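Summary of the model geometry
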Amino acid sequence: MMSDQNPTQQPPAKPQDHRAKLIFLALVLGAIFLVYMLQRSDPMLKSWNQNLDATLAQAGKENRSLVVLFDSIPPSEIGRDMVRNTFPKNTKALTEGNFLTVHVGLRGTNDPVARKYRIQDVPTTLLLYPDGAEKNRRVGKIGELPFRNGFLDCTEVVSPPSDSSRP
């Protein structure tokens, strides 16, 4: 006489198996979250101001120009490269020039701040007078030497795009 049980049927999983799988899943998700957070933050930018309005007010009071990096949230790969290479290699030039530095994260080019400063692509780096008027601009990557010689010293001035070129 045959048994009613199917011999190929697996025994029910032990509660320990489920617990181990949940722990493993939590570890994987935690690692993914950690990598995501590390990509969003850059130690160099932590020393930069994050509030453009407050820094503009400070610039006006102290008669200092500003270097403003407009980048996406999270920062673009080009922006992160400039943070790792261009800016640290020009710390002396920024200090000697008495520049204030600001990082502005944008959610898109339709952001009100992006429209105000005519940001059509990120990253965009602006050099502003103490009153907030634009002095110079660069779109995309700026190398170590072009940042110092051309951008900061304004020997190569790039004007903002005209309003008619805005989509």
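Residues numbered from 1 in each chain as written. Predicted model: local features only at pLDDT ≥ 70, side-chain atom pairs only at ≥ 80, totals over all residues. Heavy atoms only, no water.

This part takes up a nonpolar patch on the surface. Where nonpolar side chains cluster on the molecular surface, the patch consists of Leu 22, Phe 24, Leu 25, Val 28, Leu 29 and Ile 32 and spans about 610 Å² of accessible area. When you line up the elements, Leu 29 lands in helix 1 (residues 15-40). (Patch = residues over 30% accessible without salt bridge, like charges linked within 9 Å, V, L, I, M, F, W, Y side chains within 5 Å. Areas by Shrake-Rupley, 256 points an atom, 1.4 Å probe, with all protein chains shown as cover. Salt bridge = Lys/Arg side-chain N within 4 Å of Asp/Glu carboxyl O. Helix = DSSP H or I, 4+ residues; strand = E, 2+ residues; numbered from the N terminus.)

All right, on to the pairing of strand 3 (residues 124-128) then. Each regular strand displays side chains that alternate between the two surfaces of the sheet. Judged by how many residues are buried, strand 3 sits mostly within the fold: 5 of 5 residues are covered. Judged by which residues are buried, strand 3 turns out to be covered on both faces: Thr 124, Leu 126 and Leu 128 on one side and Thr 125 and Leu 127 on the other are all buried. Sheet topology places strand 1 (residues 66-72) next to strand 3; 5 bridges connect them, and they run antiparallel. Of the residues in strand 3, the one forming a bridge with Phe 70 is Thr 124. Pairing of strand 3 with strand 4 (residues 134-139) involves 5 bridges; the strand directions are antiparallel. Residue pairing in the sheet places Thr 124 in a bridge with Val 139 of strand 4. Counting the residues in the hairpin turn of strand 3 and strand 4 gives 5 residues, including Gly 132, whose phi is positive at 95°. (Buried < 20%, exposed > 50% of the residue type's maximum accessible area, 1.4 Å probe, protein only. Pairing = 2+ DSSP bridges.)

Looking now at the packing of aromatic side chains. For the coordinates displayed, the defined rule picks out 4 aromatic pairs. Here Trp 48 and Phe 87 contribute two aromatic rings whose centre-to-centre distance is 4.7 Å and whose plane-to-plane angle is 50°, an arrangement assigned as tilted. Highlighted residues: Trp 48 in the loop between helix 2 (43-46) and helix 3 (52-62) and Phe 87 in the loop between helix 4 (77-86) and helix 5 (91-96), separated in sequence by 39 residues. Like Trp 48, the residue Phe 87 is buried in the burial classification. (Phe/Tyr/Trp six-rings, centres within 6.5 Å; stacked < 30°, edge-to-face > 60°.)

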